[in-house]
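Structural description and commentary
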Amino acid sequence: MKYQSQKIALAYFLVAMALFAVQVTMGLVLGWIYVDGNFLTEVLPFNVARMLHTNSLIVWLLLGFFGAAYYLIPEETEREIHSSKLAYLQLAIFVLGTAGVVVTYFFNLFEGNFLLGREGREFLEQPRWVKAGIVVAALIFLYNVSMTVLAGKKTAITNILLLGLWGLALLFLFAFVNPSNLALDKMYWWYVVHLWVEGTWELVMASILAFLMLKLTGVDREVVEKWLYVIAALALFSGILGTGHHYYWIGTPGYWQWIGSIFSSLEVVPFFAMMSFAFVMVWKGRRDHPNKAALLWSLGCATLAFFGAGVWGFLHTLHGVNYYSHGTQITAAHGHLAFYGAYVCLNLAIISYAMPHLKGRDPYNQVLNMASFWLMSGGVVFMTFTLTFAGTVQTHLQRVNGEAFMDVQDQLWVFYAMRFGSGVAVVLGALLFIYAILVPRREVVTPGPLEKGRLDHDADHVAAE
Amino acid sequence: MTVTRAWLALLLLSAASTGLAASGAHGAVFVVLVLSLAGAKAHVILSRYLGLSAAPPIRAGFDLALGVVLVLFAVLAIAA
Amino acid sequence: MTDQATDRPSALDQLPGELMMWVLIVSELLVFGAGLAAFLAVRITDPAGFAEAQGHLHRAGAGVNTIVLVTSGWLAALAVQAAEAGRPGRLRALVAGAIALGAVFLVLKGAEYADLAHAGITFETHAFFTFSYLLTGFHAAHVMAGMILLAVVAVPASPRAVETGAAFWHMVDLVWVLLFPVVYLL
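Here the structure is a predicted model, which means the values were calculated and not measured.

1. Considering the overall build of chain C
Helix and strand counts for chain C come out as seven helices and zero strands. In sequence order, chain C lays out its α and β elements as α-α-α-α-α-α-α. Considering only C-alpha atoms, chain C reaches an extent of 60 × 50 × 20 Å along its principal axes. Put simply, 78% of the contacts in chain C that link residues at least 6 apart link residues at least 24 apart.

2. Some remarks on the packing of aromatic side chains
Enumeration according to the criterion identifies 55 aromatic pairs over all chains in this entry. For the pair A:Trp249 and A:Tyr323, a centre-to-centre distance of 5.4 Å together with 65° between the ring planes defines the contact as edge-to-face. Pair noted here: A:Trp249 is in the loop between α7 (221-242) and α8 (255-265) and A:Tyr323 is in helix α11 (residues 319-325), with a separation of 74 residues, a long-range link. A centroid spacing of 6.1 Å and a plane angle of 25° characterise the contact between C:Trp176 and C:Phe180, whose relative ring orientation is stacked. Of this pair, C:Trp176 and C:Phe180 both sit in helix α7 (residues 159-185), four residues apart, which is roughly one turn of the helix. Across this residue pair, the class does not change: C:Trp176 and C:Phe180 are buried.

3. Some details on the UniProt feature "transmembrane region" (unreviewed entry) in chain C
Residues and elements named next belong to chain C. The residues that UniProt annotates with the feature "transmembrane region" (unreviewed entry) are residues 20-42, 62-83, 89-108, 128-155 and 167-185. Split by type, residues 89-108 is 100% helix and 0% strand. Its first and last C-alpha atoms lie 29 Å apart. The annotated region residues 128-155 carries 96% helix and 0% strand content, and the separation between its end C-alpha atoms amounts to 41 Å.

4. Details of the pattern of salt bridges
Residue and element names in this part refer to chain A. The final tally for this structure, using the stated rule, is 14 salt bridges over all chains. The closest approach of N and O atoms between Glu78 and Lys153, which form a salt bridge, is 3.4 Å. Here Lys153 lies in the loop between α4 (128-151) and α5 (156-171) and Glu78 lies in the loop between α2 (46-77) and α3 (84-107), a separation of 75 residues in the sequence. With a relative accessible area of 47%, Glu78 lands in the partly exposed category. On the basis of relative accessible area, Lys153 is assigned to the partly exposed category, the value being 39%. Between Glu119 and Arg128 there is a salt bridge, and its shortest N-O distance comes to 3.5 Å. Judged by its relative accessible area of 15%, Glu119 falls in the buried class. In the salt-bridge network here, residues are joined through shared partners; they are Glu119, Arg121, Arg128, Lys131 and Asp185.

5. Points about the interface of chain B and chain C
On the chain C side, the residues contacting the 33 residues of chain B number 36 residues. Three residues stand out in chain B for area buried against chain C, namely B:Tyr49, B:Leu50 and B:Phe73, and they jointly supply 20% of the buried area on that side. There are zero salt bridges connecting chain B and chain C. At the boundary of chain B with chain C, the tally comes to five residue pairs in polar contact (both at pLDDT 80 or more). When residues of the side of chain B that touches chain C are traced back to their parent elements, those giving at least two are α1 (3-22), α2 (28-49) and α3 (56-79) of chain B. Here the residues of the side of chain B that touches chain C sort into 28 nonpolar, four polar and one charged.

What counts, and where the lines are drawn
- Per chain, the residues get numbers from 1 upward, laid out in the order the sequence is written.
- Here chains are named by letter from A upward and ligands by number from 1 upward, in the order in which they appear as written.
- In view of the model being predicted, local features appear only for residues whose pLDDT reaches at least 70, and side-chain atom pairs are presented and counted only at 80 or more, with totals across whole chains, interfaces and linings using the full set of residues.
- As a rule here, side-chain values cover all heavy atoms of the structure and leave hydrogens and water aside.
- Numbering of helices and strands runs from the N terminus; a helix is a DSSP stretch of H or I covering at least four residues, while a strand is a stretch of E covering at least two.
- In this description, contact between two residues means that some pair of their heavy atoms is separated by no more than 4.5 Å.
- Pairing of aromatic rings covers Phe, Tyr and Trp, the last counted by its six-membered ring, and requires centre-to-centre distances within 6.5 Å; plane angles under 30 degrees mean stacked, over 60 mean edge-to-face, and any other angle means tilted.
- Buried means the residue's accessible area, taken with a 1.4 Å probe over protein chains only, is under 20% of the maximum for its type, while exposed means over 50%, and partly exposed covers the values in between.
- UniProt positions are given in the numbering used here, feature names are shortened, and annotations may be inferred rather than shown by experiment.
- By convention in these notes, a salt bridge is any Lys or Arg side-chain nitrogen within 4 Å of a carboxyl oxygen on Asp or Glu.
- Buried area is understood as the total, over both parts, of accessible area removed when two parts are fitted together, assessed with a 1.4 Å probe.
- Each polar contact in these results corresponds to two N or O atoms within 3.5 Å; when the atoms are within protein, one needs to be able to donate a hydrogen and the other to accept it, and residues that are neighboring in sequence are counted only if both atoms are side-chain atoms.
- Each residue gets one label: Ala, Val, Leu, Ile, Met, Phe, Trp, Tyr, Cys and Pro are nonpolar, Asp, Glu, Lys and Arg are charged, and the others, such as Gly, are polar.

What follows is the structure, encoded as structure tokens:
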């Protein structure tokens with residue numbers, strides 16, 4: 001760690017990982033509700049649990065992005081963060097807001113109150129005071145990082161990162177628009193969430209990935225930057241009008257079916273470019289970096305994002321297909337693998353990379369960390385397959401044969417049982433990851449004869465510490 | 001070929017398209033001819049206006065992709 | 001690993017002009033290509049309806065517009081040469097000509113839209129019009145953007161900027177020569 005203010009990232013990553021644990025645990029509860037529909041119905045209604053699952057996901061990913069920004073911006077700009085105090089204040093606001101959201105969702109103390117109450121929405125349900133708090137925190141963040149970048153060295157990585165973060169914060173303002181017309185409400189909601197995950201977040205993802213590739217592979221900055229600009233351009237070109245794939249069936253004019261189908265089909269391209277980028281950089285790289293776990297997460301991120309966001313997205317993005325598959329478990333399959341691959345793995349990659357520096361020790365715990373990658377990724381991939389099969393069966397029974405929703409759900413039980421099993425693997429993997437990052441101080445595996453030989457004879461080879 | 005000659009070529013190709021359309025022809029031969037003329041125009045624009053004549057391998061890639069797309073168009077148009 | 005792998009010139013280095021503009025050009029070609037393919041695929045379901053609907057378009061006007069655009073592209077290409085020769089006066093005159101022809105294109109296009117609107121034809125009238133409005137509308141929006149871009153790059157008049165602006169303009173040309181036969185002639 002070269003700059004003192006990079007330490008801010010530590011606090012962000014810790015809170016992010018705590019929320020990550022909450023998010024996957026809530027996922028497990030939901031997974032069980034699918035198996036036993038009456039589980040906890042009185043205490044924790046399904047819609048509340050689901051909101052907690054999705055909202056805590058978004059919040060911890062955002063906290064991870066903020067932490068990543070606070071970690072990499074000093075290194076890129078070659079100067080300290082403008083104000084550490086503001087950064088901690090921003091985190092405090094987020095923590096307070098998150099607590100407020102949880103309390104409000106659980107106990108619903110201020111029903112109907114303009115400022116304190118729930119809004120009766122599916123995802124943007126945060127009470128207005130929390131939304132306002134998020135905006136204030138975002139403004140503090142943008143001020144803080146922009147001042148740092150303006151005063152320091154400007155690189156492609158900071159440019160694209162800031163573009164993504166500014167866009168992300170400005171788009172959140174649409175969360176305040178809450179028309180009573182449900183279709184309009186959805187239209188604005190997609191301005192927030194679609195333009196996040198298929199626009200501005202992709203810019204954040206590409207720039208963090210570029211930073212990791214730069215550090216882990218030692219490829220020339222010039223090469224990394226060229227890729228980064230191309231990826232950013234492709235993401236915005238396809239992602240913005242790709243929003244149309246949410247406008248097929250909500251009452252918007254019919255031409256959205258064609259705009260959405262064509263542009264969102266191209267959304268595969270930036271994810272393919274990111275995957276190619278990661279592998280080409282590792283292939284061309286001349287640095288044998290000791291942090292193998294961070295590299296594994298980076299490559300896993302690019303690969304699973306391509307499949308989850310790219311391939312699984314394309315599966316049901318054409319409106320002729322979506323007419324049948326809309327809102328079935330196909331969507332859930334895509335949502336899980338896309339968020340996991342693109343954004344969860346990305347955050348875990350930067351955490352795996354940064355934590356040893358932040359805690360001032362070698363990345364001792366790599367074997368456990370890498371085991372958690374395979375356990376978690378295996379779980380999510382298996383979950384994706386079970387939900388894809390469930391969705392395919394559901395589409396046929398419900399949309400083609402016209403059977404009733406709940407009758408179909410009964411028949412999908414076996415898939416939901418298997419999905420619960422994969423959920424257990426994911427939660428165990430997540431806990432193992434957190435343990436591996438925070439606890440061990442000693443390497444758990446000593447090098448075998450093959451690795452020892454390479455260490456002794458190959459001057460370029462570096463041990464996985 | 002200078003850009004001016006490229007422009008003249010484009011005018012000639014456009015005149016040919018117009019003449020073909022004005023002749024009232026239709027059917028598979030018409031489809032193939034019209035799309036071939038479009039492909040020729042696209043090739044001239046890529047080579048001369050956009051300067052790909054200086055990079056033959058890249059131009060070959062564009063020509064190939066263009067050819068595939070125009071064949072697809074022709075198949076779809078003739079199927080109608 | 002040695003440096004050779006990274007230092008070998010790639011095919012991309014041969015690309016004339018700005019890499020990012022080529023990324024845009026290829027992306028636009030993909031979008032319009034997919035749109036035209038979808039148009040032709042839907043046409044199979046109703047050839048007679050498509051032929052009838054096509055009769056409402058200004059076929060001759062669109063033919064003239066082809067001439068207008070390729071001529072405008074020619075002026076833009078000459079403008080790049082003028083910029084490289086260090087003749088800003090000639091460059092600006094040529095760019096002005098290119099922009100003026102862009103305006104002519106839009107006037108002819110506008111006349112067609114006005115007639116269609118007058119006949120009460122909208123996006124929803126027939127699948128043909130959904131596509132023709134979408135494809136030609138997107139294209140016309142690019143013509144407008146291109147006119148603005150050309151005006152912007154003519155101010156600093158650096159060869160690099162003019163070349164990039166002209167490349168966008170040629171892309172608009174390129175899309176039109178593929179769009180015109182599919183929508184208006186087939």
